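Listed below are the residues making up each chain.
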Amino acid sequence: MDRIDFRSDTVSWPTPAMRQAMANAPVGDDVYGEDPTVNRLEALAAEMVGKEAGLFVASGTMGNLTAILAHGRRGDGAIVGEDSHTFRAEAGGMAVLGGIVPNPLPTDVYGRMNLTAVNQAIYPDDCHFPTNRLILVENSYGAKGGYPIAPDYFQEIRHIADQHGLIVHMDGARLFNAAVALNLDPREITQHVDSVTFCLSKGLCAPVGSVLCGSEEFIQKAHRARKLVGGAMRQAGIMAAAGIVALTEMVERLADDHAHARRLAEGLAQIPGIKLQPELVKTNMLFFTLDESVKVTPEQFVQRLRDEANIWLSGGYSRSFRAVTHYWIQEADVDLFVKTARAILQ
Ligand SMILES: *Cc1c(COP(=O)(O)O)cnc(C)c1O
């Protein structure tokens, strides 16, 4: 990567080992269940999150949608964080395609819904209301700076779900970031949910794909839902091969991305005009704002980082920014970001 790209971890290129594995992958028609590489990836993924089975899907969005379609029916309700990815950033798929009625609740600074509010959001058994069906959770929580939520919260959510016969699905797009940051086996988090999706394509660097995991019976249903949304693929082993490398070689090293994000946060926090809370930076992303005293416009800030140091940052239309670290960002890149930002803002 020639540019230093902090816009997202989705920009990360596949590693040389992935390209090698892709070139050599044995393949078959996955709709017939005959792609050995896809089958291996699905089994490995399921094992890593402590579920019976997995399903390779094209994206995190497709994983969540497929899960929701498989779990729910038209007219079912889903309790969901109002700033969660599934509610806010997936084109309304659950409602548009599934007829699922979202019931969005506020979240705290870590991305947790208030448990009393969750209880109160469960509808009485009355024909006026949607049918209670789902609780959707997310970890790490993207809208709250990628905060890794500890398992006890999910245990509480599980408890509420069990009392009311609800299903819990986790959007774990960055589940492994959360697990590494919390120094936990991912299973300690996912044991409390019925199904979970995670992305191979973000910090784990695979070019494409996510895996949805859950019980054998649920994954059978999810196969139909994936077909319905056009996501059943053929020789998908070419892509699954990169996913296997992602899961076997790229998980532990996420700690480096977290250290880089923390280093960046601490560096930027010392620059007059930049506001951020380094103590909230636990995984690979950070949010910061330029305060009113700063003379450059947000747009100029983004442009000058790009022109002067080939540092790419998204945004520029408001004073709030998000920077994300990944495999292709080194410590020297972080230091260059801090130095350049300081020069621009002085
Ligand atoms: C990226 C992301 C998704 C969706 O992943 P895509 O592969 O971009 O569709 C879902 N949830 C969260 C929290 C994400 O960050």
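Residues numbered from 1 in each chain as written. Predicted model: local features only at pLDDT ≥ 70, side-chain atom pairs only at ≥ 80, totals over all residues. Heavy atoms only, no water.

1. Considering the domain arrangement of the chain
The extent of an interface is frequently quoted as the accessible surface area lost upon association of the parts.
Next up, step 1: Here the chain is described as being made up of domain 1 (14-249) and domain 2 (253-345).
Next up, step 2: Across the contact, 21 residues belong to domain 1 and 14 residues belong to domain 2.
Next up, step 3: For the pairing of domain 1 and domain 2, the buried interface totals around 1400 Å² over both sides, and the portion due to carbon and sulfur atoms is 66%.
Next up, step 4: Broken down residue by residue, the surface that domain 1 buries against domain 2 is led by Gly145, Arg174 and Asn177, which jointly contribute 30%.
Next up, step 5: Remark: the boundary between domain 1 and domain 2 carries zero salt bridges.
Next up, step 6: Applying the counting rule to domain 1 against domain 2 returns two residue pairs in polar contact (both at pLDDT 80 or more).
Next up, step 7: Looking at the side of domain 1 that touches domain 2, the element that brings in the most residues is helix α8 (residues 175-182), giving five residues.
Next up, step 8: Among the residues forming the side of domain 1 that touches domain 2, the class breakdown is eleven nonpolar, seven polar and three charged. (Domains from an automatic or database assignment. Contact = heavy atoms within 4.5 Å. Buried area = accessible area lost by both parts, 1.4 Å probe. Salt bridge = Lys/Arg side-chain N within 4 Å of Asp/Glu carboxyl O. Polar contact = N/O pair within 3.5 Å; in protein donor to acceptor, adjacent residues only side chain to side chain. Helix = DSSP H or I, 4+ residues; strand = E, 2+ residues; numbered from the N terminus. Nonpolar A, V, L, I, M, F, W, Y, C, P; charged D, E, K, R; others polar.)

2. Quick word on the sheet that holds strand β12 (residues 320-324)
Next up, step 1: Across the sheet, three strands lie side by side as β9-β10-β12; this open sheet has antiparallel pairing. Edge positions in the sheet fall to β9 (274-275) and β12, since each of these pairs with one other strand and no more.
Next up, step 2: Bridge analysis of β9 against strand β10 (residues 285-290) gives two bridges, and the strand direction is antiparallel. Looking at β10, one finds that Lys275 is bridged to Thr289. (Pairing = 2+ DSSP bridges.)

3. What to know about the packing of helix α2 (residues 36-48) against helix α11 (residues 237-249)
Next up, step 1: Packing of α2 against α11 leaves a shortest axis separation of 8 Å and a crossing angle of 30°. Between α2 and α11, the angle is such that the two are roughly parallel. Crossing of α2 against α11: the hand is left-handed. Seen from α2, the contacting residues are Thr37, Val38, Arg40, Leu41, Leu44, Ala45 and Met48; seen from α11, they are Gly237, Ala240, Ala241, Gly243, Ile244, Leu247 and Thr248.
Next up, step 2: Its residues placed into classes, the contact of α2 with α11 shows nine nonpolar, four polar and one charged. (Axes fitted to C-alpha atoms, helices over the stretch in contact; angles between N-to-C directions. Parallel < 35°, antiparallel > 145°, perpendicular 65-115°, else oblique. Left-handed = near helix turned anticlockwise from the far one by under 90°.)

4. Focus: the packing of aromatic side chains
Next up, step 1: The full count for this structure, using the stated rule, is ten aromatic pairs.
Next up, step 2: Summarising the aromatic geometry, the rings of Tyr123 and Phe129 are spaced 5.5 Å apart at their centres and angled 10° between planes, so their arrangement reads as stacked.
Next up, step 3: Classification of Phe129 as partly exposed rests on a relative accessible area of 37%.
Next up, step 4: Taken together, the ring pairs connect Trp13, Tyr327 and Trp328 into an aromatic cluster.
Next up, step 5: Lying over the aromatic face of Trp312, Arg3 brings its terminal NZ or CZ to 3.7 Å of the ring centre.
Next up, step 6: The positively charged end of Arg306 is found above the aromatic ring belonging to Trp312, 3.7 Å away from the centroid. (Phe/Tyr/Trp six-rings, centres within 6.5 Å; stacked < 30°, edge-to-face > 60°. Buried < 20%, exposed > 50% of the residue type's maximum accessible area, 1.4 Å probe, protein only. Lys NZ or Arg CZ within 6 Å of the ring centre and 35° of its normal.)

5. Quick notes on the side chain of Asp333
Next up, step 1: Secondary-structure assignment places Asp333 in helix α14 (residues 331-345).
Next up, step 2: One buried charged residue, Asp333, remains without a salt bridge, the closest side chain of opposite sign being Arg253 at 10 Å.
Next up, step 3: For Asp333, the residues in contact, after removing those within four places along its chain, are Ile4, Phe6 and Trp328. (Lys, Arg positive; Asp, Glu negative; His and termini not counted.)

6. So, the nonpolar core
One recurring pattern in soluble globular proteins: nonpolar side chains tend to sit buried together.
Next up, step 1: Residues Phe56, Ile135, Val137, Phe176, Phe198, Leu200 and Leu247 are the most contacted members of the largest nonpolar core, which totals 56 residues.
Next up, step 2: Per-element accounting of this core gives the leading share, eight residues, to α11.
Next up, step 3: Discounting chain neighbours no more than four positions away, the residues touching Val137 are Met113, Tyr153, Phe154, Ile157, Val168, His169, Met170, Asp171 and Val193.
Next up, step 4: Judged by nonpolar contacts, the second largest core, of 30 residues, contains Phe6, Ala261, Val296 and Leu345. (Core = buried A, V, L, I, M, F, W, Y, C linked by side-chain atoms within 4.5 Å.)

7. Describing the pattern of salt bridges
Close approach of charged atoms allows side chains with opposite charge to pair.
Next up, step 1: One pass over the full model with this rule turns up 18 salt bridges.
Next up, step 2: The salt bridge partner of Asp5 is Arg3, with a shortest N-O separation of 4.0 Å.
Next up, step 3: Residue classification places Asp5 among the buried residues on the basis of a relative accessible area of 2%.
Next up, step 4: The network of salt bridges with shared partners includes Arg3, Asp5 and Arg7.

8. Focus on the packing of helix α13 (residues 298-309) against α14
Next up, step 1: Put simply, α13 and α14 touch, their axes get as near as 10 Å, and they point 125° apart. By the angle between their axes, α13 is oblique relative to α14. As α13 runs across α14, the sense of the crossing is right-handed. Note on element contacts: α14 touches α13 through Leu336, Phe337, Thr340, Ala341, Ile344 and Leu345, opposite Phe301, Arg304, Leu305, Glu308 and Ala309.
Next up, step 2: Across the contact of α13 with α14, the residue classes break down as eight nonpolar, one polar and two charged.

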